[in-house]
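Reading the structure
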Amino acid sequence: TREEAMSVPAIARARNMICNSIATIPLITRDKATGTIIDQPIVIDDPDRRVPGAVSWVWACEDLLFTGFSYFQVMSLFADTFRVREMWRVAPNRVGVFLNSIGTQIEYYTVDGSRVPMSGVGSLVVFYGNDEGLLNRAGRTIRAGAELERAAAMYAREPVPSMVLKSNGTALPADRIAKLLDAWGAARRNRGTAFLNADVELTTVGFTPEQIGLNAAREIIATELARAVGIPAYFIDAPTGSSMTYANASTARQTLLDFSLLPLMNSIVSRLSMPDFTPSTQRVE
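A brief report on the enclosed structure follows. Every chain's residues receive numbers from 1 upward, in the order its sequence appears when written. Owing to the predicted nature of the model, reporting of local features is limited to residues with pLDDT of at least 70; listing and counting of side-chain atom pairs is limited to 80 or more, with chain, interface and lining totals taken over all residues. Side-chain measures were taken over the full set of non-hydrogen atoms in the model, leaving aside hydrogen atoms and water.

1. Notes on the sheet that holds strand E8 (residues 124-128)
Between any two strands, at least two bridges found by DSSP are needed for them to pair. Helix and strand assignments come from DSSP, with helices taken as H or I runs of at least 4 residues and strands as E runs of at least 2, each series counted from the N terminus. Read across the sheet, three strands follow the order E4-E3-E8 without closing on themselves; strand pairing throughout is antiparallel. Looking at strand neighbours, the two that pair on one side only are strand E4 (84-90) and E8, the edges of this open sheet. With direction set aside, neighbouring strand axes in the sheet form an average angle of 35°. Pairing between strand E3 (residues 69-77) and E8: five bridges, direction antiparallel. Paired with Ser 70 across the bridge in E8 is Phe 127. Lines fitted to the C-alpha atoms define the axes, with helices restricted to the stretch that makes contact. Angles between their N-to-C directions range from 0 to 180 degrees.

2. Comments concerning the nonpolar core
What is meant by a nonpolar core is a set of buried Ala, Val, Leu, Ile, Met, Phe, Trp, Tyr and Cys residues, joined one to another through side-chain atoms within 4.5 Å. Partly exposed describes any residue whose relative accessible area lies between the buried limit of under 20% and the exposed limit of over 50%, with all areas from a 1.4 Å probe on protein chains only and scaled to the type maximum. One finds Trp 57, Met 87, Phe 127, Ile 231 and Leu 272 to be the most contacted residues of the largest nonpolar core, which totals 52 residues. Pairs of residues are marked as contacts when any of their non-hydrogen atoms sit within 4.5 Å. Contacts of Met 87, omitting those with residues within four sequence positions, involve Val 43, Pro 47, Asp 48, Trp 57, Phe 72, Gln 73, Val 74, Met 75, Val 125, Phe 127 and Phe 277. In terms of nonpolar packing, the next biggest core, distinct from the first, is built from eight residues, Tyr 71, Val 90, Val 111 and Leu 124 among them.

3. Side note on the pattern of salt bridges
The salt bridge criterion pairs a side-chain nitrogen of Lys or Arg with a carboxyl oxygen of Asp or Glu, the two atoms within 4 Å. Taken as a whole and assessed by the stated rule, the structure comprises 13 salt bridges. The salt bridge involving Glu 62 is made with Arg 2; its shortest N-O contact spans 2.6 Å. Placement of Glu 62 in helix H4 (residues 53-67) and of Arg 2 in helix H1 (residues 2-6) is noted, with a sequence separation of 60 residues between them. A salt bridge links Glu 285 to Arg 283, with the nearest nitrogen and oxygen atoms 2.8 Å apart. You can call Glu 285 partly exposed: its relative accessible area is 32%. Residue class for Arg 283 comes out partly exposed when judged on its relative accessible area of 30%. Through salt bridges that share partners, Glu 4, Arg 143, Glu 147 and Arg 150 make up one connected network.

4. Quick look at the packing of aromatic side chains
Under the pairing criterion, centres of Phe, Tyr and Trp rings, with the six-membered ring standing for Trp, must be within 6.5 Å; the plane angle then separates stacked pairs below 30 degrees from edge-to-face pairs above 60, leaving the rest tilted. Summed over all chains, the structure comprises eight aromatic pairs. Here the aromatic rings of Trp 57 and Phe 127 are separated by 5.9 Å at their centres, their planes lie at 85°, and the arrangement is edge-to-face. Of this pair, Trp 57 sits in helix H4 while Phe 127 sits in strand E8, placing them 70 residues apart in sequence. Each member of the pair, Trp 57 as well as Phe 127, carries the same accessibility label: buried. Taking the centre distance of 5.5 Å and the plane angle of 70° together, the rings of Phe 69 and Tyr 128 count as edge-to-face. Separated by 59 residues along the polypeptide, Phe 69 in strand E3 and Tyr 128 in strand E8 bring together distant segments of the chain. For Phe 69, a relative accessible area of 31% corresponds to the partly exposed category. One aromatic cluster in this structure is built from Phe 69, Tyr 71, Tyr 109 and Tyr 128. Seen from the ring of Trp 59, Arg 15 lies directly overhead, with NZ or CZ sitting 5.1 Å from the centre. The cationic tip of Arg 115 hangs over the ring face of Tyr 108; the distance from NZ or CZ to the ring centre is 3.9 Å. As a reminder, the over-ring test applies to NZ of lysine and CZ of arginine, requiring each to be within 6 Å of the ring centre and within 35 degrees of the ring normal.

If you want it as structure tokens, here you go:
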């Protein structure tokens, strides 16, 4: 899920770097014949007038990156050209896609379970990505990263191997055991030295983070997630064989643009250049 993916710092940093960078780049409309920049409808700069335009495009980029699709619902059309005047983003998990009987063509969409028209006000504008999306093609790697984050949090709460307190005397009732464990945990957070009387024995089980290579595993997963997202590993501080220097910083930025940003940017401007937004003599860049 998106929530599980964003709980992994490597993915959160990659998402913010890619989507926020794209949203800061202005969209312009150009005449194909002359190359002149011309006035464009407000929907291109600001699809949803309730929020800043950059916010809409940040979330559109995230949807393309994570799921391979981004959806906007048409709210109004221009009366003279019937082109889109305003549209609101719809989260992919709210959209249902229904195919024909042989699964080769989309028959209709639903939003929150309600069928929407295939054209006009209320219909969906679909931005298509270049693949099935990060959540679909790298789900196991993302889940491994999330599990490692949970393991790190567990060791942060109890920074020693798992402990067993054994009573050497009579069996204690459940409420006494719970109070003993609470008191032990509170004491360990405030003091490193423990005292046990003759009735209680401490046994450690499990392994330390160093013994199971937790830090190394997190670094490996961060590098693998950078590969899955399509961003150079050093941009998300994942371990690499090379380091960023002043000499190669410009090349690195160009690499980020060519291989991480341009595919999503092309998905957006190609859709905005279609006839329901832009005349055939113009294109969006």
